[in-house]
Structure formats: C-alpha cells, structure tokens
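The primary structure of each chain is shown beneath.
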Amino acid sequence: MSATGILLCAGTSVRMGFDKLNTPLCGKTAIERSMDALIAGGCDALVFVVNEASEQTVRAIACPVPFTVVPGGETRTDSVRSGLCAANGDVAVIHDAARCFVSPALVKACLDSARAYGSGVAAIPVTDTVLRVGADAVEPLDRSTLFRMQTPQAFRLSDIRRAYETGASATDDATLYAQSIGVPRFVLGSEDNRKLTTGADWAWAVERLSQPVYGIGFDTHRLVEGRSLILGGVPIPFEKGLLGHSDADVLLHAIMDAILGAMKLGDIGKLFPDTDERYRGVSSRVLLRTVAGLVQKEDMAVAHVDATVICERPKLAPYRDEMERRIAEDLGISPNAVSVKATTTEGRNDEGKGLCISAQAIASVRKK
Ligand code: MG
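A quick note: this is a predicted structure, and the numbers were derived from the prediction, not measured. (Residues numbered from 1 in each chain as written. Predicted model: local features only at pLDDT ≥ 70, side-chain atom pairs only at ≥ 80, totals over all residues. Heavy atoms only, no water.)

Asks: For the side chain of Ser34, give the residues involved together with the corresponding values.
Replies: Along the polypeptide, Ser34 turns up in helix H1 (residues 30-40). A distance of 2.9 Å separates a polar atom in the side chain of Ser34 from the backbone oxygen of Ala97. (Helix = DSSP H or I, 4+ residues; strand = E, 2+ residues; numbered from the N terminus. Polar contact = N/O pair within 3.5 Å; in protein donor to acceptor, adjacent residues only side chain to side chain.)

Quick look at the structure:
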C-alpha cells in the first residue's frame, strides 16, 4: 500500500513573529526536518502545500522521493484539501511542517495504523487539570476523556478525501474524519513532537539540537633521556622527556583524540601520521589549533575538556593553570571550560615506575 505524505508548509508564523518554517534551525529548516522524518517513516511520495516563501525553500530541497508542490489556502482546512487533491496512493499522512521533531517511528506507527484500520492519529492524553472558565463559574472537564491532537494524522486516502468534501472546517483532520467517517484510531504521540509556535518553542528546539556530543582520548609516551618534557603545551624542567615523532605532548594528544572522537573525524594518527616528515618535532599546540579549526569548519564548538595526566614524577601541580590556559587559548575557548588533573599510580604500572607518562581526556562539542 503506497503512502503519500502531505506536508503543510503554508502557515504564516503569526505567533512566532518570524518565518519559522523557512529559517534554518541549526542548519536545516523545519520543512526539511519534517520531510526527512516522513520519508524515513515510510512515505513514498510527498505533496508540499506551500505559500510563496515556503515554495522557495521547497524548490531548493533535494527531495529524494517523487513530489508535487501545490499552493495552500486561506485556512488549514483549505490547505489540506488542496494537498489531498494532489495526492495519490492508498494512504495519506497529513503532517504540519512546524512539528519538525516528529520521529520516523511515530510516522510509521500512524501509517501502519491507517493501513490496518483506516486511520492513525497521533495524540497525547491530557495530564493537567482542564477547566472551562466562564464569567461566574468554572467547570472541570473529565481529563480521562481529553486528548491533545498532534500530527501525523494518517488515513485511507479515499476516506479522508470524502471527509474534506463535505466543506466543513476544522483545525485538524481527525475532527473532520470523525464527523463523516467515524472515530479514528489513535496512536500515542510524543512530547518531543512539539509544534514550533512561539519563541519559547524555538528556543527549546535550538537547545535540543545543541545537545553536546562527547569523545574520549588516551595516549602514552615513553620517558627517555635527551628529550624535553612538554605537557599541555608547557615546557617542564625534568631530567627526562617523552619520546615521539612530534614533541610527544601526551596530554594534548589525548585531548585531540577526544575532540576528534566527538566529531567522528578519526584520530590524530590518521590526521597527522608519524610517517609524515612535516610533523617531525612539531609542537602539538600547532596540531591542537589545526583540530580546533576542523571543529570550527563543521560549525561546531568545543564546549569543555577534562583530562588526567598519569605521571609519577615530576609534580605537575605548579603547571596546571598554565596548561589549562594554553589549551584554552589554542581551542579558542574559556580556561573555565578546560580542566587538567594529575595522578600517580603509587609506584605501580609503567607510569609508576617512571617508564612512561599517559593521559586520558574527555571532550564535548556542540553546535554553534
Ligand atoms: Mg601520542
């Protein structure tokens, strides 16, 4: 059974105060996000119902399934009717583009319900007390019978067309379906499937998309005579230093791997191979700045770094502040977002015997 998604992109964003459907939200418009979910949820064709502004957005999207673009009407009902006229297939999945956090799983659940029972409407039971407030009295409504309607609302195409042919008007499709076909099947919606209506919704959406991503890093270098010891970009007076192709700054290496891991960009071995002569003796601070540049290029920012150096000798406490300062400087972030700690292994392991120094790090990155 084929399914056509009817994506409503003709709203005017009156309550938002700016064009919520066509303004990129962390790099992608609400229209694109909704389109992706409808397709991932099982729609094999789309009808975009647009106004002038959203038509431009839609025309610029590389939609991977067959699609048509039709003009919306004065009201939501008019817009849906226009979309239904252009739809083909057995099932129509009607969706408000402003609900751009809809999951493919919810789309699929509505679609499956429509295939099995003729309808599948996303809705959430009301948990708050709801009062009908009059001038002189209030009336509590029985919330066990109350549901908040969302979209997607999926129906057998012939049924929902018939419901819309009556000429009645409503703010959702289930209402019209109920009036002429019968009580629809409901599918449990999701609080995440929030309609971007007000500035607070937009702020919530930005926050949700800005959740940090974490990466971890680990490195070890051997302690040998005849090398300088550099940790966190700070030269440290000691009778030995770390052996390596670069300056062997084990702390910066662990931090870089943590950042690259969070970005899914591989590791420093891949980026700066030790077979490359350009990196012989290079300061790891130069490499750290290169990594910071890659993060920036992806329109991301390092949110925080926390690291532990595992080292028996020398004592690192006097250098910690300077390490944090230099790391922060190279990453272009506040020193408050960088934490460097040190520990010994109480004489145990190779670190404890003074054969090597190791470092562990965790870093988080987020959308700018
Ligand atoms: Mg290394």
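Asks: I'd like a description of the sheet that holds strand S9 (residues 186-188), backed by residues and values.
Replies: Taken together, seven strands build an open sheet; the order of strands is S3-S2-S1-S4-S8-S5-S9 and the sheet is mixed. Looking along the sheet, the strands with just one partner apiece sit at the ends: strand S3 (67-71) and S9. Direction aside, neighbouring strands of the sheet carry axes that sit 25 degrees apart on average. As paired elements, strand S5 (residues 119-125) and strand S8 (residues 147-156) share six bridges and run antiparallel to each other. Considered in S8, the bridge of Pro125 is made with Phe147. Here H1 sits on the sheet in contact with strand S1 (3-9), strand S2 (45-50) and strand S4 (91-96), set at roughly 165 degrees to S1. Across the sheet, helix H2 (residues 52-60) lies against S1, S2 and S3, angled at about 150 degrees from S2, the strand it touches most. (Pairing = 2+ DSSP bridges. Axes fitted to C-alpha atoms, helices over the stretch in contact; angles between N-to-C directions. Contact = heavy atoms within 4.5 Å.)

Asks: Describe in detail helix H6 (residues 173-180), supporting the description with residues and values.
Replies: Because the α-helix completes a turn every 3.6 residues, residues three or four places apart line up on one side. For H6, the complete set of buried residues consists of Asp173, Ala174, Leu176 and Tyr177. In an axial view of H6, the angular spread of the buried residues amounts to 165 degrees, which keeps them on one side of the axis. Contact partners of the buried residues in H6: helix H3 (76-86), S4, S5, S8 and helix H5 (157-165). Where H6 terminates, the next one or two residues include Gly182, which has phi positive at roughly 155 degrees. (Buried < 20%, exposed > 50% of the residue type's maximum accessible area, 1.4 Å probe, protein only. Arc of directions from axis to C-beta.)

Asks: A description of the nonpolar core should follow, citing residues and the corresponding values.
Replies: Formed by 47 residues in total, the largest nonpolar core has its most connected members in Leu231, Leu251, Ile255, Ile259, Ile327, Leu331 and Ile357. For this core, the elements supplying multiple residues, two or more each, are strand S11 (229-231), strand S12 (234-236), helix H8 (250-263), helix H10 (284-297), strand S14 (300-310), helix H11 (320-331), strand S15 (338-343) and strand S16 (356-367). Of the residues forming this core, the biggest block, 11 residues, is contributed by H8. Every residue in contact with Leu231, bar those within four places of it in the chain, is listed here: Ile236, Leu242, Asp249, Val250, Leu251, Val309, Leu316, Met323 and Ile357. (Core = buried A, V, L, I, M, F, W, Y, C linked by side-chain atoms within 4.5 Å.)

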